[in-house]
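So the chains spell out like this:
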Amino acid sequence: TLTLHSLSSFLFLKVEYYTYGVPNSLFGMGNPLLDISAVVDKDFLEKYGLKPNDQILAEDKHKALFEEIVKKFKVEYHAGGATQNSIKIAQWMIQDPHKVCTFFGCIGEDKFGEILKQKADEAHVDAYYYEQTEEPTGTCAACITGDNRSLVANLAAANCYKKDKHLDLKENWKLVEKAKVYYIAGFFLTVSLESILKVAKHASENNKLFTLNLSAPFISQFFKDALMEVMPYVDVLFGNEMEAATFSKEQGFQTEDIEEIAKKAEALPKVNKKRPRIVVFTQGKDGTIMTKGDKVETFPVLKIDQKDIVDTNGAGDAFVGGFLSELVQDKELEQCVKAGHYAANVIIRRAGCTFPEKPDFH
């Protein structure tokens with residue numbers, strides 16, 4: 001028999017389900033890339049003019065790098081692209097239901113594109129790729145030396161994302177409207193500013209959360225105008241200490257103090273006044289800092305033995321994925337940071353942005 005108690009429990013469970021695991025409630029849009037990762041040597045970095053720890057877009061001089069890395073070193077292929085990594089990790093942290101996370105991006109109609117589709121499917125992410133034939137699926141060479149990684153992205157197809165050909169389509173835009181938290185890595189600013197602005201404005205007008213990552217120093221340097229056009233809509237800004245320092249320099253903040261940079265970034269103009277901007281800067285093994293009102297708090301990361309670190313590529317993406325997995329469930333910000341630290345700690349023990357079957361996070 002259905003007692004009042006069991007009925008209320010049932011209703012409570014229904015509410016819980018809808019609050020904590022609504023399909024398509026976290027939306028990501030970015031550059032889907034196939035990561036080609038290998039442990040390389042110093043000579044290889046020098047040959048292609050790469051810094052040990054950096055992210056750059058491939059130029060003509062890097063064309064041969066993609067062939068050489070496969071020939072010369074033992075490579076591993078992983079589905080990558082910063083936003084896609086974060087979205088996948090958020091879904092992994094959430095587990096059930098599947099497809100809480102949606103992802104948009106552009107791929108080619110080719111073998112690498114098929115791999116990305118298969119990997120998204122395996123990760124239970126609701127991926128809607130714009131598929132085109134002009135360019136092949138993008139790749140990213142992750143050149144690893146010690147616990148540094150130098151990323152060289154050949155965007156190719158990822159660079160062909162078109163607002164009018166994909167985002168504006170009625171059935172696709174419906175998925176955007178279903179979401180309540182949005183995440184886009186700064187890398188996508190080089191591809192489709194108009195797509196980012198459409199999503200950001202929708203979030204702002206509907207008092208939803210729009211989150212953005214500074215992603216790499218070159219974004220703050222060479223895509224400053226695009227970045228600052230989006231900034232007024234940003235509710236949560238992510239970045240690491242290197243990106244924060246470059247952002248400060250480019251914005252004329254006249255400080256190298258990471259807490260001061262966070263405060264100044266928080267104070268930048270904002271369209272939706274209903275919620276203050278939150279700025280979250282990670283610092284590798286040092287504590288993560290987060291603005292909260294007029295305070296800046298520091299959260300220590302989980303300790304890890306140097307010998308247990310396999311690959312730091314993807315640590316930043318993992319942090320964001322963990323953070324978002326709690327944010328979309330309306331958890332406290334401290335809990336979001338905790339989840340970010342947990343996810344990053346798991347990822348750096350493994351090659352590529354990969355994870356065990358289930359998380360062990362509470």
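An unreviewed UniProt entry lists the protein chain under the name Adenosine kinase, with Oncorhynchus kisutch given as the organism. As recorded by UniProt, the Catalytic activity (unreviewed entry) comment attached to the protein chain reads in full: "adenosine + ATP = AMP + ADP + H(+)".

### Points about the packing of helix H4 (residues 82-94) against helix H14 (residues 333-347)
Their axes nearest at 11 Å, the elements H4 and H14 cross at an angle of 105°. The angle between H4 and H14 falls in the class roughly perpendicular. Packed against H4, whose contacting residues are Ile89, Trp92 and Met93, the element H14 presents Ala339, Tyr342, Ala343, Val346 and Ile347 at the interface. Partitioned by chemical class, the residues of the contact of H4 with H14 number eight nonpolar, no polar and no charged.

### Here's the deal with the sheet that holds strand S7 (residues 138-145)
Adjacent strands of a sheet pair through backbone hydrogen bonds, lying either parallel or antiparallel. The mixed open sheet is built from five strands, whose spatial order is S3-S8-S7-S2-S4. Two strands bound the open sheet, and with one partner strand each, they are strand S3 (54-57) and strand S4 (76-80). Here the strands of the sheet are splayed against their neighbours by 20° on average, with no regard to which way each runs. Of the pairings in the sheet, the one linking S7 to strand S8 (residues 148-154) comprises seven bridges and is antiparallel in character. Each residue of the ladder has a partner; that of Ala142, found in S8, is Leu151.

### So, the sheet that holds strand S13 (residues 286-292)
Reading across from one edge, S6-S5-S1-S9-S10-S11-S12-S13-S14 is the order of the nine strands in this open sheet, with mixed pairing throughout. Every other strand in the sheet has two partners, leaving strand S6 (126-132) and strand S14 (295-299) as the edge strands with one partner each. Along the sheet, successive strands turn relative to each other by an average axial angle of 20°, direction set aside. In terms of strand pairing, S13 meets S14 through five bridges, oriented antiparallel. If you follow Thr291 over to S14, its bridge partner there is Val296. The strands that H4 touches are strand S1 (26-29), strand S5 (101-108), S6 and strand S9 (181-185); relative to S5, the one it contacts most, it runs at about 145°. Packing of helix H11 (residues 241-251) onto the sheet brings it into contact with strand S10 (209-213), strand S11 (236-240) and strand S12 (278-283), and relative to S11 it is tilted by some 110°.

### Points about the packing of H4 against helix H13 (residues 315-327)
Two numbers describe how H4 lies on H13: the axes approach to 7 Å, and their chain directions differ by 45°. When the interaxial angle is binned, H4 and H13 end up oblique. Our pair here, H4 against H13, has a crossing hand that is right-handed. Residues Ala82, Asn85, Ser86, Ile89, Ala90, Met93 and Ile94 of H4 lie in contact with H13, whose contacting residues are Asp317, Ala318, Val320, Gly321, Gly322 and Ser325. Partitioning the contact of H4 with H13 into residue classes produces seven nonpolar, five polar and one charged.

### A closer look at the layout of surface pockets
The gaps of empty space that remain are located by a probe, the size of a water molecule, rolled over the atoms. Taken as a whole, the second largest pocket spans an internal volume of roughly 400 Å³. Every residue lining the second largest pocket is counted, 19 residues in all, and those nearest its centre are Lys88, Trp92, Glu122, Ala123 and Phe355. Looking at the lining of the second largest pocket, the elements with two or more residues in it are S4, H4 and helix H5 (111-122). Here the lining of the second largest pocket is composed, by residue class, of seven nonpolar, six polar and six charged.

### What to know about the confidence of the model for the protein chain
Per-residue confidence for the protein chain gives a mean pLDDT of 92; residues scoring 70 or more make up 94%. Segment residues 6-19 is flagged for pLDDT under 50; beyond a separation of four residues in sequence, or across chains, it makes ten contacts in the model.

### Some points on the environment of Thr83
Relative to the helices and strands, Thr83 resides in helix H4. For Thr83, a relative accessible area of 2% gives the class buried. Separated by 210 residues in the primary sequence, Thr83 and Gly293 place their C-alpha atoms 27 Å from one another.

The rules behind the values
Residues numbered from 1 in each chain as written. Predicted model: local features only at pLDDT ≥ 70, side-chain atom pairs only at ≥ 80, totals over all residues. Heavy atoms only, no water. UniProt positions renumbered as here; feature names shortened; annotations may be inferred. Axes fitted to C-alpha atoms, helices over the stretch in contact; angles between N-to-C directions. Helix = DSSP H or I, 4+ residues; strand = E, 2+ residues; numbered from the N terminus. Parallel < 35°, antiparallel > 145°, perpendicular 65-115°, else oblique. Contact = heavy atoms within 4.5 Å. Nonpolar A, V, L, I, M, F, W, Y, C, P; charged D, E, K, R; others polar. Pairing = 2+ DSSP bridges. Left-handed = near helix turned anticlockwise from the far one by under 90°. 1 Å grid on protein atoms, 1.4 Å probe; cavity = no way out; pocket = protein on both sides within 12 Å on 5 of 7 lines; lining within 4 Å. Points joined across faces, edges and corners; volume = space filled by probe spheres on them. pLDDT = per-residue confidence, 0-100. Buried < 20%, exposed > 50% of the residue type's maximum accessible area, 1.4 Å probe, protein only.

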